[in-house]
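# Fold and geometry: a report
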Amino acid sequence: MSKLSLAVEISGLKLRNPLMNAAGVLGMTPDILKRVYDSGAGAVISKSIGPEPRRGHPNPTLVRVECGALNAMGLPNPGVEYFVEEIQEIKKMGVPIIASFFGGSTQEFADVAYKLSRAGADALELNASCPNVAEELGMLAADAANVEKVTAAVRDETKLPLFVKLSPNVTNIKSIAVAAEWGGADAITAVNTSKGIAIDINLRRPILANVTGGLSGPAVKPVSLRCVWEVAQAVKIPVIGCGGITTGRDAIEYILAGASALEVGTAVMTHGLDVYKEIADGITCYMENNGFTSISEMVGLAHDYENIGVDNACLGMTK
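By convention here, each chain's residues receive numbers from 1 onward along its written sequence. Residues qualify for local features only when their pLDDT is at least 70, as the model is predicted, and side-chain atom pairs are given and counted only at 80 or more; totals for whole chains, interfaces and linings, by contrast, use all residues. Derived side-chain values reflect all non-hydrogen atoms in the structure, with water molecules and hydrogen atoms excluded from consideration.

### Brief notes about the overall build of the protein chain
The helix count covers DSSP runs of H or I at least four residues long, the strand count covers runs of E at least two residues long, and both are numbered beginning at the N terminus. Regarding its fold elements, the protein chain presents nine helices and 16 strands. Its C-alpha atoms put the protein chain at 55 × 50 × 40 Å along the principal axes. The rule is simple: take the accessible area with a 1.4 Å probe, protein chains only, and divide by the maximum for that residue type; under 20% is buried, over 50% is exposed, in between is partly exposed. Per-residue burial for the protein chain yields a buried fraction of 55% across its 319 residues. Only the protein chains shown count as cover for residues, with accessible areas throughout obtained via the Shrake-Rupley method and a probe of 1.4 Å. Accessible area of the protein chain: about 13,900 Å², with a carbon and sulfur share of 51%. The distance from the centre of the 27 positive side-chain charges to the centre of the 34 negative ones in the protein chain is 4 Å. Working convention for charge: Lys and Arg count positive, Asp and Glu count negative, and His plus the chain ends are omitted. Where a charge sits is defined by one atom per residue type, namely NZ (Lys), CZ (Arg), CG (Asp) or CD (Glu).

### What about helix H4 (residues 144–155)?
Residues lying three or four places apart along an α-helix face the same way, a consequence of the helix completing one turn every 3.6 residues. Under the convention used throughout, the expected extent of a helix is 1.5 Å for every residue step, that is, one less than its residue count. Between its terminal C-alpha atoms H4 stretches 16 Å, which fits the 16 Å expected from twelve residues at 1.5 Å a residue. Every buried residue of H4 is accounted for by Asn146, Val147, Val150, Thr151, Ala153 and Val154. Viewed along the axis of H4, the buried residues span an arc of 160°, placing them on a single side of the element. At its buried positions, H4 is contacted by strand S7 (97–101), helix H3 (106–119), strand S8 (123–127), strand S9 (162–166) and helix H5 (173–183). Counted as a polar contact is a pair of N or O atoms within 3.5 Å, where, for protein atoms, one must be capable of donating a hydrogen and the other of accepting one, and residues adjacent in sequence contribute only when both atoms are in side chains. The N-cap of H4, judged by a side-chain oxygen 3.0 Å from the amide nitrogen of Ala145 a few residues on, is Asp143. Of all possible arcs, the one meant is that of the directions from the helix axis to the C-beta atoms. In this description, contact between two residues means that some pair of their heavy atoms is separated by no more than 4.5 Å.

### Topic: the packing of aromatic side chains
Only rings of Phe, Tyr and Trp enter the pairing, Trp through its six-membered ring, and a pair is recorded when the two centres are within 6.5 Å. The plane angle decides the type: under 30 degrees is stacked, over 60 is edge-to-face, the rest tilted. The full count for this structure, using the stated rule, is two aromatic pairs. Ring geometry for Phe101 against Phe109: centres 6.2 Å apart, planes inclined by 70°, an arrangement best described as edge-to-face. Phe101 sits in the buried class, given a relative accessible area of 0%. Pairing Tyr286 with Phe292 gives two aromatic rings, centres 6.2 Å apart and planes at 10°, and the pair type is stacked. This pair shows no difference in class: Tyr286 is buried, exactly as Phe292 is.

### Brief notes about the side chain of Lys221
Within the fold, Lys221 resides in helix H6 (residues 221–234). Only 2.9 Å separates the side chain of Lys221 from the side chain of Glu253, close enough to count as a polar contact.

### Thoughts on helix H1 (residues 30–38)
All buried positions along H1 are accounted for by Pro30, Leu33, Val36 and Tyr37. Take H1 and look down its axis: the buried residues cluster within an arc of 115°, on one side only. Looking at H1, the residues exposed on the side facing more than 90 degrees away from the buried face are Asp31, Arg35 and Asp38. The elements touched by buried residues of H1 are strand S3 (19–21), strand S4 (44–45), helix H2 (80–92), S7 and helix H9 (275–290). Gly40 lies just past H1 and shows a positive phi near 130°.

### Notes on the pairing of strand S16 (residues 259–264)
Across a regular strand the side chains alternate sides, sitting on one face of the sheet and then on the other. Of all six residues that make up S16, six are buried, and the element is covered over most of its length. Following DSSP output, two strands are said to pair if at least two bridges run between them. With three bridges joining them, S3 and S16 adopt parallel strand pairing. Across the sheet, residue Leu19 finds its bridge partner in S16, namely Leu262. Both strand S15 (residues 239–242) and S16 contribute to a ladder of four bridges, which runs parallel. Residue pairing across strands places Cys242 opposite Glu263, the latter belonging to S16. For the segment spanning S15, helix H7 (residues 248–257) and S16, crossover handedness is right-handed. With the strands aimed away from the viewer, a crossover counts as right-handed if its path from the first strand over the helix to the second runs clockwise.

This is the structure:
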């Protein structure tokens, strides 16, 4: 029997396993990103980087809620010029880095992508869920034409693998994913956070200073998993799953739904950095018990409704 391997390749980007941190989770300094990698991630993703330094929203920006967390950070970041040096330092550490980025206009998206590419990033993740865009783009995440336009503009500026991260807060995620594919995306990341709110009953006001925020964690998993399922049906390029992944069982569900790689975020807050190894161990256990030797053999199998009767003994093995 062939030796089992968790290694994956996403549009030319080779990873030792399919796990990455979600953008914005421990994704700012080289030392922290190195810790994520050393803890068991297959690659790391930076915080979303914009054209200029940005302070983000005032506190409070994060609140724990049932089965997850709400955040309204407001995309704080040091700007692309500063982060170029951070990427170069990360590369010296031997860590594969995907640079997440955003812009306020089509030209800004393209300019930031160009600078991050020149800095030595291994791949780029275009944050199409960004709420801070100019009127020309409207609500970018929900506009297929503009997603295609922005993706194409970025594609013209880089030869790196380009992932486009979509929002679940749209009417038809399939059409948005197809638009990104037409624009030149090499993979689709599905999905960013869902919009939510929390209210303090004593103060009788919203808890977050921004009022609404992005919901992440186990609460969003069924929604995010549905998005992966639909996107996998709609496009021919790889899908990267994101949303509420905490255990090996969660990871396997996403892979069977069509994800070739996975992003883990809120679970780091609740389980610590060891969660990457725990999830990887859960995937390995499932593969050993069901005769799989590679991740690719499992991708999308749930779309074959006759694929039943597997050994579920290890699905919930992680803490």
